[in-house]
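Okay, here's what each chain looks like letter by letter:
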Amino acid sequence: MQGRFHLYEGYSLCKVTFPVRIFKLLGVETLIVTNASGGLCPDFKVGDIMLIKDHINLPGFAGQHPLCGPNDERFGIRFPCMSDAYNKDLRKLALEISQELNYTNFVREGVYCMVSGPNFETIAEARMLQILGCDSVGMSTVPEVTVAKHCGLRVFGLSLITNKVSLDYSREEKVNHEEVLEISKMRAEHLQMMVNTLIARAHLLDEGINVN
Ligand SMILES: O=P(O)(O)O[C@H]1O[C@H](CO)[C@@H](O)[C@H]1O
Ligand SMILES: Nc1nc2[nH]cnc2c(=O)[nH]1
């Protein structure tokens, strides 16, 4: 996909995730998601690439969930397991690739949290998310991943840390969307390289071939 739909644009989560079901019907087996997010983990720097290990579906806690409503059994079961949403083998492969590409000083692993947006976090909200165990926060991805997991797609996710989320009332810098775009442009080639290499090697995992 070139771009995506967001909840904050006014689309229902059913519409936001519709393309994922189309992918499934087209025979797609693996969904690779990328996004931009704000770093909450104190160790993260702007420009880091975070391999998404897990997520927190904050809108889902409040009933904004793409699988609410009658379950379409053609896609998946009523109560899907979500404890292994991000495929372990692909994450391991991505870590190995980041070593080969000499990217280790800016590749991390962590937990992504979705909020609805469109405003960026207040300091109190950011502190709360950090306490909850979130390493980064953004306004997308989780609905698509949830629907992908529901219909049995294998998922791999990368989040680019485009800014540090303000956790301190004395900090003067303010996050803005221009910064998000600028950092995304700066890291675009590294992200492309990681994804391209991963795609080139992922099928070897399916065939049970040692990728090292
Ligand atoms: O998650 P993506 O769409 O990559 O982008 C993130 O960056 C935008 C805010 O700057 C929001 O859309 C947020 O979700
Ligand atoms: N919610 C949220 N989304 C983002 N997308 C990019 N940076 C951020 C951020 O700091 N907060």
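Owing to the predicted nature of the structure, the values given are computational and were not obtained by experimental measurement. (Residues numbered from 1 in each chain as written. Chains lettered and ligands numbered in written order. Predicted model: local features only at pLDDT ≥ 70, side-chain atom pairs only at ≥ 80, totals over all residues.)

Some points on the site of ligand 1
Near ligand 1 the following residues occur: R4, H6, N35, A36, G117, G138, M139, S140, T141, H177 and V180. Of all the secondary-structure elements, those providing two or more residues to the shell around ligand 1 are β1 (30-39) and α6 (177-206). Classifying every residue of the shell around ligand 1 by side-chain character gives three nonpolar, seven polar and one charged. (Near = placed C-beta within 6 Å. Helix = DSSP H or I, 4+ residues; strand = E, 2+ residues; numbered from the N terminus. Nonpolar A, V, L, I, M, F, W, Y, C, P; charged D, E, K, R; others polar.)

Comments concerning the site of ligand 2
Around ligand 2, the surrounding shell holds 15 residues, and the nearest of these are A36, G38, V137, G138 and V180. For the shell around ligand 2, the residue count by class is eight nonpolar, six polar and one charged.

Considering the packing of helix α1 (residues 13-26) against helix α5 (residues 142-150)
Helix packing geometry: the angle between the two helix axes and the distance between the axes. Between α1 and α5, the shortest axis-to-axis distance is 9 Å and the interhelical angle comes to 50 degrees. Between α1 and α5, the angle is such that the two are oblique. Note that α1 runs across α5; the crossing there is right-handed. Judged by residue contacts, L13, V16, T17, V20 and R21 of α1 engage P143, E144, V147 and A148 from α5. Residue composition of the contact of α1 with α5, grouped by class: six nonpolar, one polar and two charged. (Axes fitted to C-alpha atoms, helices over the stretch in contact; angles between N-to-C directions. Parallel < 35°, antiparallel > 145°, perpendicular 65-115°, else oblique. Left-handed = near helix turned anticlockwise from the far one by under 90°. Contact = placed C-beta atoms within 7 Å.)

Regarding unusual backbone geometry
With an omega of 5 degrees, the peptide bond running from G117 to P118 counts as cis. Secondary-structure assignment places P118 in the loop between β3 (107-114) and α4 (123-131). Phi is positive for N102, close to 65 degrees, though the residue is something other than glycine. The phi dihedral of T141 falls on the positive side, at around 75 degrees, and the residue is not glycine. Mapping T141 onto the fold places it in the loop between β4 (136-138) and α5.

Here we look at the nonpolar core
The biggest cluster of nonpolar side chains holds 41 residues, and the ones touching the most others in it are A94, C113, V137, A148, V155 and L198. Contacts of V137, omitting those with residues within four sequence positions, involve S37, G38, L40, C113, V115, E121, L129 and V165. (Core = buried A, V, L, I, M, F, W, Y, C linked by C-beta atoms within 7 Å. Buried ≥ 20, exposed ≤ 12 C-beta atoms within 10 Å, placed from the backbone.)

Thoughts on the sheet that holds strand β2 (residues 49-57)
Sheet architecture is closed into a barrel: five strands sit in the order β1-β4-β3-β2-β5, paired in mixed fashion. Strand-to-strand twist of the sheet, defined as the mean angle between neighbouring strand axes without regard to direction, takes the value 50 degrees. Note: β2 against strand β5 (residues 154-164), three bridges, orientation antiparallel. Each bridged residue has a counterpart across the sheet, and for I49 the counterpart in β5 is L160. Helix α3 (residues 88-100) contacts β2, β3 and β5 of the sheet and is inclined by roughly 155 degrees relative to β2. (Pairing = 2+ DSSP bridges.)

Observations concerning the confidence of the model for the chain
Here the chain averages 94 in pLDDT, while 97% of its residues score no lower than 70. Here the prediction assigns the complex a pTM of 0.94, and the interface score ipTM is 0.98. (pLDDT = per-residue confidence, 0-100.)

Considerations on the packing of α3 against α6
Look at α3 against α6: their axes get within 10 Å of each other, and the N-to-C directions meet at 130 degrees. As the angle between them shows, α3 and α6 are arranged oblique. For the crossing formed where α3 meets α6, the hand is right-handed. Where α3 abuts α6, its residues D89, L90, L93, A94, I97 and S98 lie against M194, T197, L198, R201, A202 and L205.

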